[in-house]
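Residue-level listing of the chains:
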Number of protein chains: 4
Amino acid sequence: MGQFQVRTDLALEAREKFTEENREVKGVKLKEEYRRGTEIKVTTMVIETENGAKAMGKPKGTYITLEAADMDCQDEGYHREISLELARIVKKLLPKKKKALSVLVVGLGNRDVTPDALGPRVVDNLAITRHILKEFGKYAFGEEEVNAVSGIVPGVMAQTGMESQEIIRGVVGEAKPDVMVAIDALAARSTRRLGRTIQITDTGINPGSGVGNHRHGLSEETVGIPVIAIGVPTVVDAATIVNDTMHTLIQAMEQNSRLETLSTGLSALNDMEKYELIRELLSPQLNTMFVTPKDIDESVKRLSDTLSEGLNIAFA
Amino acid sequence: MGQFQVRTDLALEAREKFTEENREVKGVKLKEEYRRGTEIKVTTMVIETENGAKAMGKPKGTYITLEAADMDCQDEGYHREISLELARIVKKLLPKKKKALSVLVVGLGNRDVTPDALGPRVVDNLAITRHILKEFGKYAFGEEEVNAVSGIVPGVMAQTGMESQEIIRGVVGEAKPDVMVAIDALAARSTRRLGRTIQITDTGINPGSGVGNHRHGLSEETVGIPVIAIGVPTVVDAATIVNDTMHTLIQAMEQNSRLETLSTGLSALNDMEKYELIRELLSPQLNTMFVTPKDIDESVKRLSDTLSEGLNIAFA
Amino acid sequence: MGQFQVRTDLALEAREKFTEENREVKGVKLKEEYRRGTEIKVTTMVIETENGAKAMGKPKGTYITLEAADMDCQDEGYHREISLELARIVKKLLPKKKKALSVLVVGLGNRDVTPDALGPRVVDNLAITRHILKEFGKYAFGEEEVNAVSGIVPGVMAQTGMESQEIIRGVVGEAKPDVMVAIDALAARSTRRLGRTIQITDTGINPGSGVGNHRHGLSEETVGIPVIAIGVPTVVDAATIVNDTMHTLIQAMEQNSRLETLSTGLSALNDMEKYELIRELLSPQLNTMFVTPKDIDESVKRLSDTLSEGLNIAFA
Amino acid sequence: MGQFQVRTDLALEAREKFTEENREVKGVKLKEEYRRGTEIKVTTMVIETENGAKAMGKPKGTYITLEAADMDCQDEGYHREISLELARIVKKLLPKKKKALSVLVVGLGNRDVTPDALGPRVVDNLAITRHILKEFGKYAFGEEEVNAVSGIVPGVMAQTGMESQEIIRGVVGEAKPDVMVAIDALAARSTRRLGRTIQITDTGINPGSGVGNHRHGLSEETVGIPVIAIGVPTVVDAATIVNDTMHTLIQAMEQNSRLETLSTGLSALNDMEKYELIRELLSPQLNTMFVTPKDIDESVKRLSDTLSEGLNIAFA
């Protein structure tokens, strides 16, 4: 896409531009698996080098993507399969040092804006145990080693006047969990991905990602403990959607026999000139807008159930 | 815009295409007023003839638009002014036959999708009086004639399995109000109008309007009592926003000296051909998507407060 | 309990006073079953005669009570068992005349008062199908006969200005379902029952029952179609709780050796005089108050999930 | 009331027992004022000595109580008066050291339990400014000195697994406000006070107070900055209400001519024996229950509007 960066929070989509251009990316490993008997596809991408990180525009680390065409359908059995797969992935990413961990789950985003409510709603449905363990000890659960699960919904800056990072650093400093799991609604590049992909990564949340654009990132570096981030795309930036369709328009013009003379004219422009042209035309107002499906309420309800069930299994 | 109809629920925007083309519309009267000492502009459009209705794509009747640049700001005094103006307009549209009316306020839309929650939230904040009058009589309020206000939030089809129209016809048949006031979130053509315009009309709700696309309309014809509709645009259809930017792109190409040959080619196409071209390129998925501002939660909160205050004043 | 009627919406509790007094109630049949391998107890009470109805203070019909000590615990498997049992009972009560029914589920109560939000929350989680069947026919679900499920949350009088009965009669008249299932939060006599009992009856909702005191009942007589009512006790009337403890106090006094002279005095009063005494002392304000557990939010969340799952199974 | 401590979070009610017994409390000063032209009564109680604190069961400090009979009515003008009075009181309690303060408002309690949702809802309606000041500086508001307002809703232990105190200490440590204002729903002793009293104190939140029983307190000692606490009673403990009515019953027995012999018997018991008797009879389950009005949703809605308006005025 030349100089013009279209925003995506999905590592998988960031890699697609190279696939389209049939290019290898050095320092980035990719493995695709299909879960037998299900329609779930799991892609593991490891960004191993700084060069790979630069090319991808994402920090070094592991990005696991769980794709399923009907992730937002009503079938409960199907959601159970996704929850189990998610639990398996999260368990693998959890630190190994201890038998029982103290896990802080952070529900990022704005509870009052439907496509951004995913994180808060996942925390609403978690099995919270830390306070019970603190009061009654691990025997409260009749088992030998039980993870202590705590959760927080920090809200967004317009609600709190504070960066999520400030709130989370403070809470981590007091409650001292071993690991943090951050849940967030993401922006995808393509509307086809909305509600159908779960991204799990051990790199945390990057600055500027998420539906509401967290300005400061959340990672081991900034928070002091490992951060596993789980995200599902629920919006596309309005600017992205317009950009994409205009890109298609220009391509169509170049190929369309009805528009021969056009094709000559456009061919005279190089890629960068084309995108400069688009950029100029994009209304700056679009940057404060997002695109989301009309049935986003049902989608977020189901996805948050699936995610919280997956986490409950992973931590049980 | 030729054959290709871009959707807008605002009569004002429907008329703009004629203004752009500097054309009079027969059978449509227009009056603009500025409220002294405020920044409120009130436009009254009366569609008087069937021809006017056809040209505008809206039924005959009165469409009053209240515009204010900072309608979604925090200033309470300012909102009070808008509420007072709204109350004045609604009072004028209410039936005159009786001293005290029974008014049913209907909050259309989906409470769980932020930009579509306007109607439900207005009803949440109404001063409901019908049950008190029924139980204690008008002297409960120590006044001679008091309007009986009732309210209902019918929900959307995915939640109820029923058309709003079915529910409302049933409730109207039992509760027998004199007039219905329907509140709805609207789709505008331009992002600039979002949250800054209130449309009040005595024609009810047209089929296919609103954020969630009511299939059946709500009007005196279908419900049996006069229907005043009050709407505020909170979304733009995703297809509209893409269409508009592409329109701008083509215009730019025609005018841009860098793109001389293009202009020749495009000029060869007539308007209809251009929009056919755009239509082909528009992803059908976009029809199930909307565009809305990231801070839509705050906007809907303030607007619903302003609207319910206006109605409370109008009915008091 | 003499003349003084303590309120309970549970037929089982209404019968207990006779059990305490070791009395048979003519015209009332009782059967108790324990579901093997579970901790669920199912009691079926049939009020067969008008005399029985009079003695019980409940209309003729079948009252099935499902009791489980840990109904509000977190164990998902356990909730599944209760949902399955509930589905079995509801299916038995549904009209038999047709292969596929049109069912209207009504979520009574006030969404904004936690213990009264049970009904609305059950409807939130229902699989609504009527609109899909209407649009695409039964083959949309790839099965021969599918029930058409619709749902409505009518709200309470303070929110709508209308009786639930008015709204429901209207909706039933338009949407013409074959049967109605009403979900409601109930008042129990004993705090021990809160969140641990589900009552299913084919007699509908009686006037004056429910947390918020519906003034008008909902039954085949008033609505025109059979009404199955499903309720879970979530509150105890404040007056009941005080009355009960005072009753215990008086009993203790009569038995307590420390209080010999008291016992003489109290024994001189008959039951009715005792309760008149209590009645005089009860603050009239208590009638507008209810008693509910501090963790009612978790209890209502789990119960509404269990109930909606049970209904989804019953109607699938 | 002898040894038996009935719980109240209101200093005013704690003092009433002394008033009833016509006793002075050393080290406690009391001043009552009526605001001219309004029905607002303001009582200022200063606990000056450790002995006073001991007698009252509350820490040393200033307790200001704002009482108004119709605090939960719908009249907007009336609420404005209360907001203005509240703002005046809060301003007086704010630290004086700086021209512009950084204020953290903490909404304690459980958003999902209606009578406990007061704190969270006040924060929802606050004018949050800290992030704007941080980004654009004080000139963003066109004034010389502007207070930086931030807000947080920490949730309750069952939701987060953490003590509110842990979360708040963490956030205070990171965001470093000058002063904290904690909003909380309180337990009163008398149902008559519910929704009609606002208590403002500079002593913070005591351990064990609030509807949900915060185990750890919030005060300058534990949080490190001055803590102003604002509370409104929305519940009465179920045990309290029963205790009170039984107390009345015993008093009635002692005075009632119908019950002469009783009075002899009861007079033989001293106060402590009487309350021991009551205590034995109180169901331990009652400790996990509260009593609240049926229209608590409307009451909390209005009160939270009044409180947030008062704070917005105080900090503007």
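Scroll up a little and you will see the structure.
A word on the overall build of chain A
Along its length, chain A carries 12 helices and nine strands. Here chain A, with 316 residues, has 60% of them falling under the buried criterion. Long-range contacts, defined as pairs at least 24 residues apart, comprise 72% of the intrachain contacts of chain A with a sequence gap of at least 6. Accessible surface for chain A amounts to roughly 13200 Å². Of this, 47% is attributable to carbon and sulfur atoms.

Describing the relation of the copies chain D and chain B
Of the transformation placing chain D onto chain B, the axial shift is 0.0 Å and the rotation is 180 degrees, giving an RMSD of 0.0 Å. The superposition operator between the copies reduces to a two-fold rotation axis. Looking at the rotation axis and the C-alpha trace of chain D, the residue lying nearest is D:Asp305, at 5.9 Å. By residue overlap, the copies meet face to face through one surface: 88% of the interface positions of chain D are interface positions in chain B.

Points about the interface of chain D and chain B
At the junction of the two partners, chain D supplies eight residues and chain B supplies seven residues. Buried surface at the junction of chain D and chain B, both sides included, amounts to about 430 Å², of which 26% is carbon and sulfur. Along the contact surface separating chain D from chain B lie zero salt bridges. Along the contact surface separating chain D from chain B lie two residue pairs in polar contact (both at pLDDT 80 or more). Among the secondary structure elements, those contributing two or more residues to the side of chain D that touches chain B are helix 3 (76–93) and helix 12 (296–315) of chain D.

A few points about the side chain of B:Asp237
Position of B:Asp237 among the secondary structure elements: in strand 8 (residues 227–237). If we ignore the near neighbours within four places in the chain, the residues touching B:Asp237 are B:Arg7, B:Ala187, B:Ala188, B:Met289 and B:Val291.

Some points on the packing of helix 7 (residues 164–175) of chain B against helix 7 (residues 164–175) of chain C
Taken N-terminus to C-terminus, the directions of helix 7 of chain B and helix 7 of chain C make an angle of 125 degrees; their axes are 7 Å apart at the nearest point. Judged by the inter-axis angle, helix 7 of chain B sits oblique to helix 7 of chain C. Relative to helix 7 of chain C, the crossing made by helix 7 of chain B is right-handed. In this structure, helix 7 of chain B contributes B:Glu166, B:Ile167, B:Arg169, B:Gly170, B:Val171, B:Glu174 and B:Ala175 to the contact, and helix 7 of chain C contributes C:Glu166, C:Ile167, C:Arg169, C:Gly170, C:Val171, C:Glu174 and C:Ala175.

Rules used throughout
- Residues numbered from 1 in each chain as written.
- Chains lettered and ligands numbered in written order.
- Predicted model: local features only at pLDDT ≥ 70, side-chain atom pairs only at ≥ 80, totals over all residues.
- Heavy atoms only, no water.
- Helix = DSSP H or I, 4+ residues; strand = E, 2+ residues; numbered from the N terminus.
- Buried < 20%, exposed > 50% of the residue type's maximum accessible area, 1.4 Å probe, protein only.
- Contact = heavy atoms within 4.5 Å.
- Areas by Shrake-Rupley, 256 points an atom, 1.4 Å probe, with all protein chains shown as cover.
- Least-squares fit on C-alpha atoms with pLDDT ≥ 70 in both.
- Buried area = accessible area lost by both parts, 1.4 Å probe.
- Salt bridge = Lys/Arg side-chain N within 4 Å of Asp/Glu carboxyl O.
- Polar contact = N/O pair within 3.5 Å; in protein donor to acceptor, adjacent residues only side chain to side chain.
- Axes fitted to C-alpha atoms, helices over the stretch in contact; angles between N-to-C directions.
- Parallel < 35°, antiparallel > 145°, perpendicular 65-115°, else oblique.
- Left-handed = near helix turned anticlockwise from the far one by under 90°.

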